[in-house]
Amino acid sequence: MRLETIETVEARRASAEVGVAEFAHAEWERARPVHLTRYWSGASAPPERRAEARIIWTDEALSVRFICRQSEPLVVNPEPQLERKTIGLWERDVCEIFIAPDASDPERYFEFEAAPTGEWLDLALRLTGDERHTDWDFRSGMSAAARIDPGSVAIAIRVPFSPLIPASSERAPRAGDIWRVNLYRCVGSGEARGYLAWQPTETPEPGFHAPHKFGLLRFGME
């Protein structure tokens, strides 16, 4: 697939660092939103489960903010722990961003998740044929924050660039660079559980590990 035919989300360059919990910072409003309106299969998700995401970046980090509609009971850990990553976080309500820094090699990518409780998860992955290799001990230095409001949930993730850049690269991203990315939301439980994707993966069963379906992330200007 040619890159020029793939849907794009723009990361707007922020003029100043934005704290991960600064949900109302003006820099977020300057970023162009993308909307999560479909399930992983491509089927339309009901409006009450949809979300928007905005991405900003600085010299140091990439940040994403999700604003999710929330009309059903939250599915969260009653005893959240924030000091370390939570393996299995994807089994509850969560927002996720998958990032492949080398657009020509999307099979090497990173997974970042955050829950309405502020719990988080970071993983480094490599697909080789039908095998998925996961570095469960990967440490990105990410930070996460969440805010629950009537009818909505806000979730933010901030990821430093340094752990994402391949050793062969000499620099962090610059305006105009292109990475690969996908954005997801998991909501609900049981048979009614929903798996939303900005770019539907169209896997036989609900699944997000389909880097060939990732969209483009373009680093923009202020």
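What comes next is a walk through the structure.

1. Some details on the overall build of the protein chain
So, point 1. Of regular secondary structure, the protein chain possesses 1 helix and 13 strands.
So, point 2. Going residue by residue from the N terminus, the α and β elements of the protein chain occur as β-α-β-β-β-β-β-β-β-β-β-β-β-β.
So, point 3. Since a compact globule built from 222 residues should have a radius of gyration of about 17 Å, the 16 Å found for the protein chain is in line with a globular shape.
So, point 4. When its C-alpha atoms are laid out on the principal axes, the protein chain stretches across 45 × 40 × 35 Å.

2. Remarks on the environment of Gly 215
So, point 1. Relative to the elements of secondary structure, Gly 215 occurs in strand E13 (residues 215-219).
So, point 2. Separated by 154 residues in sequence, Gly 215 and Ala 61 place their C-alpha atoms 20 Å apart.
So, point 3. Not counting residues within four places of it along the chain, the set of residues in contact with Gly 215 comprises Ile 6, Glu 7, Trp 179, Arg 180, Val 181, Trp 198 and Gln 199.

3. Regarding the side chain of Arg 193
So, point 1. Examined against the element boundaries, Arg 193 turns out to sit in the loop between strand E11 (178-187) and strand E12 (194-197).
So, point 2. Of note is the side chain of Arg 193, whose polar atom sits 2.6 Å from the backbone oxygen of Gly 188.
So, point 3. Those residues in contact with Arg 193, other than ones at most four positions away along the chain, are Arg 49, Trp 90, Glu 91, Arg 92, Asp 93, Cys 186, Val 187 and Gly 188.

4. A few points about the packing of aromatic side chains
So, point 1. Counted by the stated rule, this structure contains 13 aromatic pairs.
So, point 2. Ring geometry for Phe 98 and Tyr 109: centres 5.8 Å apart, planes at 20°, overall stacked. Placement of the pair is Phe 98 in strand E5 (residues 94-100) and Tyr 109 in strand E6 (residues 108-114), with a sequence separation of 11 residues.
So, point 3. Its relative accessible area of 0% is what places Phe 98 among the buried residues.
So, point 4. Relative accessible area serves as the criterion here: at 0%, Tyr 109 is assigned to the buried category.
So, point 5. Through successive ring pairs, a cluster of aromatic residues spans Phe 98, Tyr 109, Tyr 184, Tyr 195, Phe 208 and Phe 214.
So, point 6. One cation-aromatic arrangement involves Arg 13 over Trp 57; the distance from NZ or CZ to the ring centre is 4.7 Å.

5. Here's the deal with the layout of surface pockets
So, point 1. Taken as a whole, the largest pocket holds about 450 Å³ of empty space.
So, point 2. Forming the walls of the largest pocket are 24 residues, and the residues nearest its centre are Trp 90, Arg 132, Gly 207, Phe 208 and His 209.
So, point 3. Residue assignment for the lining of the largest pocket shows that the elements contributing at least two residues are E5, E6, strand E7 (120-128) and strand E8 (131-135).
So, point 4. Considered class by class, the residues forming the lining of the largest pocket number 10 nonpolar, 5 polar and 9 charged.

6. Some remarks on the pairing of E7
So, point 1. With respect to burial, E7 is a largely interior element, 7 of its 9 residues being buried.
So, point 2. As paired strands, E6 and E7 are joined by 7 bridges and run antiparallel to one another. In the sheet register, Glu 113 faces E7, and the bridge partner there is Leu 121.
So, point 3. Taking the residues between adjacent antiparallel strands as the criterion, E6 and E7 are bridged by 5 residues, where Gly 118 takes a positive phi near 90°.
So, point 4. Of the strand pairs in this sheet, E7 and E8 are connected by 5 bridges, and their pairing is antiparallel. Paired with Thr 128 across the strands is Glu 131, a residue of E8.
So, point 5. Where E7 hands over to E8, the hairpin turn is made up of 2 residues, of which Gly 129 adopts a positive phi near 65°.

Conventions used here
Residues numbered from 1 in each chain as written. Predicted model: local features only at pLDDT ≥ 70, side-chain atom pairs only at ≥ 80, totals over all residues. Heavy atoms only, no water. Helix = DSSP H or I, 4+ residues; strand = E, 2+ residues; numbered from the N terminus. Rg over C-alpha atoms; globule rule 2.2 N^0.38 Å. Contact = heavy atoms within 4.5 Å. Polar contact = N/O pair within 3.5 Å; in protein donor to acceptor, adjacent residues only side chain to side chain. Phe/Tyr/Trp six-rings, centres within 6.5 Å; stacked < 30°, edge-to-face > 60°. Buried < 20%, exposed > 50% of the residue type's maximum accessible area, 1.4 Å probe, protein only. Lys NZ or Arg CZ within 6 Å of the ring centre and 35° of its normal. 1 Å grid on protein atoms, 1.4 Å probe; cavity = no way out; pocket = protein on both sides within 12 Å on 5 of 7 lines; lining within 4 Å. Points joined across faces, edges and corners; volume = space filled by probe spheres on them. Nonpolar A, V, L, I, M, F, W, Y, C, P; charged D, E, K, R; others polar. Pairing = 2+ DSSP bridges.

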